Amino acid sequence: MASVSGICSSSPSLKPKAAMPPGQSPSPPARRDSVSFPSRSKLAADHRAQSHSVTHSVAREVPADLSRATGGAEMVARKEKKGLEKDPRALWKRYVDWLYQHKELGLFLDVSRIGFTEEFVEEMEPRFEATFKAMDELEKGAIANPDEGRMVGHYWLRKPELAPKPILKSQIEKTLDALCSFADDVVSGKIKPPSSPEGRFTQILSVGIGGSALGPQFVAEALAPDNPPLKIRFIDNTDPAGIDHQIAQLGPELASTIVIVISKSGGTPETRNGLLEVQKAFREAGLEFAKQGVAITQENSLLDNTARIEGWLARFPMFDWVGGRTSEMSAVGLLPAALQGINVREMLAGAALMDEATRTTVVKNNPAALLALCWYWASDGVGSKDMVILPYKDSLLLFSRYLQQLVMESLGKEFDLDGNKVNQGLTVYGNKGSTDQHAYIQQLREGVHNFFVTFIEVLRDRPPGHDWELEPGVTCGDYLFGMLQGTRSALYANNRESITVTVQEVTPRSVGALIALYERAVGIYASLVNINAYHQPGVEAGKKAAAEVLALQKRVLAVLNEASCKEPVEPLTLEEVAERCHAPEDIEMIHKIIAHMAANDRALMAEGICGSPRSVKVYLGECNIDELYA
Ligand SMILES: O=P(O)(O)OC[C@H]1O[C@](O)(CO)[C@@H](O)[C@@H]1O
């Protein structure tokens, strides 16, 4: 049978071996004036109402479904009318008055270039009181994730004595000790790769997605030494080409690779697929995967049971009360970090210091509360402006990506805690300065005014003793410094607000502190706007729809197989396939499924071209008899 070639048709010479499916209350539009915070007596009443429960925050007066376009424009108009402070003396006073400093961490937070007013701060006070109370109860073990009936305990990871039960404290401590000693044994060569008893493990392949990848990726980029004891690579997708690339890059070093499979649920399809692909690579290389596999997952999850039954090299627990996006200080982040020679106890110490500082109930002295205050002001408490994260340090490149999940998966919610439709969120993006100066800063300075910036400044340019002046009096780092300060000033001059977070150096301690700072800021902001920051119901819809597509694909394959097993083969039109699948309403999806299979040599076209769906007649290259009689 002739195959007509088309943009997605396969060559008849590329016949598939067998056609097998793959494995398995509305409010009126808001503006800052109408945001007009509830009267103080109303706030106080709300606060009283709230104080009995951690899960019920102040009822929102902020109109819920702010139209970004309308609300944003009105906000800009109002702000520009009022104008940001431009008088240098007044600005200097504002800078000094509001500058937050954490002495021990060497961390500064400058919020002077966000235009909030004293009245705003005062009016927010009752909400903050309620929020601090809610955060306190959360840390004491309240069910702060009401939908999932879970405690939220990532703060206990860096201060186990805070855990509400002794058993939790001991689990945290034991896990930390166990992962540190495992990492020491691997790094020192006490634990050796099975196929080279005299050698050492040289590589880590981390398989995980979302919160089970982003923290480890950020920390590796920020903190891994130039020559780490083990180098790390990531499989964080179900993209076969991406997976092949990682495995190919490992080459013969697969034999000395520790594969860490990270999944809280232990059932995330992308991660499972990554694992199956890696296991296949091990089989093909004649290696025994179990001797090199490590699982980080909840006890008794599918992954945990598999790892136990197959006798993997090690297993570490992921606790029910730690969410994926706040799991960097659990085994999820600490084991990969320790294996790269990063001082994980210092990361924990930095986070613990920041946790302590962000428990303070005086907004001005609490850096996380200050961040949340700025986010609320800048985005009207409804996400009307995006948050651009600009670290001026290459090693912090992935901070914005890490924060994207932490902030957007936490704050992007359809309903508030009282069941009102609010469509909350805060959009996060960014890369690094000064690189972005030559990409999108043009738009930030002059284009659509739909953002505020957070500059991350690192004072130390390079390790001591390595600096030099590339022109009289000026180092390379001075340029970076100048670019940051220049961009901050230029944006402000054009009424673009910004926050600046300054650390002395990128160290395990400062990175731990930054993570803890943003974890708390997100928790505080979520409480201010009365949403559950700790669930992610929206992710389920896409996962469910994906499962339905794969189920439909199996039906399509069965129908095509039956027709392809006939003598002569019976090519089918898309309408015929849809009818035989009893899914005429899914014909568009069936077209997409067939186009995808054709592009991968798993379906062949008898007639037509993919771009003209009605012209297509399709069949399989081989009849699968077993499938037919299954
Ligand atoms: O660790 P898991 O269970 O594999 O989940 C991975 C990610 O998937 C999500 O559940 C949804 O995207 C994230 O919250 C989580 O970080």
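The structure under discussion appears in the preceding block.
About the thresholds
- Residues numbered from 1 in each chain as written.
- Predicted model: local features only at pLDDT ≥ 70, side-chain atom pairs only at ≥ 80, totals over all residues.
- Heavy atoms only, no water.
- Pairing = 2+ DSSP bridges.
- Helix = DSSP H or I, 4+ residues; strand = E, 2+ residues; numbered from the N terminus.
- Axes fitted to C-alpha atoms, helices over the stretch in contact; angles between N-to-C directions.
- Parallel < 35°, antiparallel > 145°, perpendicular 65-115°, else oblique.
- Left-handed = near helix turned anticlockwise from the far one by under 90°.
- Contact = heavy atoms within 4.5 Å.
- Salt bridge = Lys/Arg side-chain N within 4 Å of Asp/Glu carboxyl O.
- Buried < 20%, exposed > 50% of the residue type's maximum accessible area, 1.4 Å probe, protein only.
- Disulfide = S-S within 2.5 Å.

### Quick notes on the sheet that holds strand 10 (residues 451-458)
One open sheet accounts for six strands, arranged 1-2-13-10-8-9; its pairing is mixed. The open sheet has two edge strands, strand 1 (100-102) and strand 9 (428-429), and neither has a second partner. As judged from the six bridges shared by strand 10 and strand 13 (residues 498-503), these two strands associate in the parallel manner. Bridging from a neighbouring strand, T454 pairs with I499 of strand 13.

### Observations concerning the packing of helix 7 (residues 214-223) against helix 14 (residues 399-411)
Between two packed helices, what matters for the description is the angle formed by their axes and the separation of those axes. At a minimum axis separation of 9 Å, helix 7 and helix 14 run at an interaxial angle of 160°. It follows that helix 7 is roughly antiparallel to helix 14 by the angle criterion. At the point where helix 7 passes helix 14, the crossing takes the left-handed sense. Touching L214, G215 and F218 of helix 7 are F399, R401, Y402 and Q405, all from helix 14.

### Digging into the pattern of salt bridges
Opposite charge on two side chains allows them to pair when their charged atoms are near. Throughout the structure, instances matching the rule amount to 24 salt bridges. Its salt-bridge partner being K140, residue D136 comes within 2.8 Å of it at the nearest N-O pair. The exposure class assigned to D136 is partly exposed, which follows from its relative accessible area of 35%. Since its relative accessible area comes to 57%, K140 is described here as exposed. For K432, the salt bridge identified is with D394, shortest N-O distance 3.1 Å. Within this pair, whereas K432 is found in the loop between strand 9 and helix 15 (441-446), its partner D394 is found in the loop between strand 8 (386-391) and helix 14, the two being separated by 38 residues in sequence. We classify K432 as buried; its relative accessible area is 18%. The partly exposed category is assigned to D394, whose relative accessible area is 48%. Among the ionic contacts, a cluster of salt bridges with common partners joins E139, R359 and R520.

### Brief notes about the sheet that holds strand 6 (residues 293-297)
Strand order in the open sheet made by the five strands is 4-3-5-6-7, with parallel pairing throughout. Whereas interior strands pair on both sides, the edge strands pair on one side only; in this sheet they are strand 4 (231-235) and strand 7 (314-317). Averaged over all neighbouring strand pairs, the angle between strand axes comes to 20°, with direction disregarded. Here strand 3 (residues 203-207) pairs with strand 5 (residues 257-263) via five bridges, running parallel. Paired with S206 across the strands is I260, a residue of strand 5. Packing of helix 9 (residues 269-284) onto the sheet brings it into contact with strand 3, strand 4 and strand 5, and relative to strand 5 it is tilted by some 160°. Strands in contact with helix 10 (residues 302-310) are strand 5, strand 6 and strand 7; relative to strand 6, the strand with the most contacts, it is inclined by about 150°.

### Describing the state of the cysteines
One way to say it: the disulfide is the covalent bond shared by the sulfur atoms of two cysteines. If you walk through the whole model with that rule in mind, you get one disulfide. One disulfide bridge connects C565 with C623, the sulfur atoms lying 2.0 Å from each other. Linking C565 and C623, the disulfide has an S-S dihedral of approximately 95° and is accordingly described as right-handed. Residue C565 is found in the loop between helix 18 (537-564) and strand 14 (572-573), and its partner C623 is found in the loop between strand 16 (617-619) and helix 21 (625-628); the two are separated by 58 residues along the sequence. C623 gets classed as partly exposed once you look at its relative accessible area, which sits at 31%.

### So, the pairing of strand 2 (residues 107-110)
Relative to strand 2, strand 1 is paired through three bridges, and the arrangement is antiparallel. Its bridge partner lying in strand 2, Q101 is registered against F108. Between strand 1 and strand 2, which pair antiparallel one after the other, the connecting turn spans four residues, and G106 there sits at a positive phi close to 65°. Across three bridges, the pairing between strand 2 and strand 13 is antiparallel. Counted as the bridge partner of D110 is T500 from strand 13.

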